[in-house]
Amino acid sequence: MALRLDGKALAKTLELRLQSQVQAASQAAGRPPGLAVLRVGDDPASAVYVANKEKACARIGVESYGSHLPADASSDQVLRAIQALNADARVDGIL
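Residues numbered from 1 in each chain as written. Predicted model: local features only at pLDDT ≥ 70, side-chain atom pairs only at ≥ 80, totals over all residues. Heavy atoms only, no water.

Asks: Explain helix H1 (residues 7-29) here, please?
Replies: The α-helix winds at 3.6 residues per turn, so residues separated by three or four positions along the chain end up facing the same way. Given a rise of 1.5 Å per residue, 23 residues ought to cover 33 Å, and the 32 Å separating the end C-alpha atoms of H1 matches this to within 8%. Of all the positions in H1, only Glu-15, Val-22 and Ser-26 are classed as buried. For H1, the elements touching its buried residues are helix H2 (44-60). Sitting at the head of H1, Asp-6 places a side-chain oxygen 3.2 Å from the backbone nitrogen of Lys-8. Of the residues trailing H1, Gly-30 is marked for its positive phi of about 85°. (Helix = DSSP H or I, 4+ residues; strand = E, 2+ residues; numbered from the N terminus. Expected span 1.5 Å × (residues − 1). Buried < 20%, exposed > 50% of the residue type's maximum accessible area, 1.4 Å probe, protein only. Contact = heavy atoms within 4.5 Å. Polar contact = N/O pair within 3.5 Å; in protein donor to acceptor, adjacent residues only side chain to side chain.)

As structure tokens, this is what we get:
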């Protein structure tokens, strides 16, 4: 007998579990966790990926902070953006 896996149902179950964990951690920390996303350039696939991550964050209670630099941003500009995000007390992770 074959085992049928329902990916959408599994994803929903995992999101509910994460939502519960995020809520508990938010109460303990006094704020929700924060994910910063730094996107450089205008690649459409990257824009879709980032939008999906932002929606997923919203579903589980994680704050997301987006930042976008043009494709011709210098390495110094990118480094400064990363440093600013790293110094932001609301940000726990950078993508």
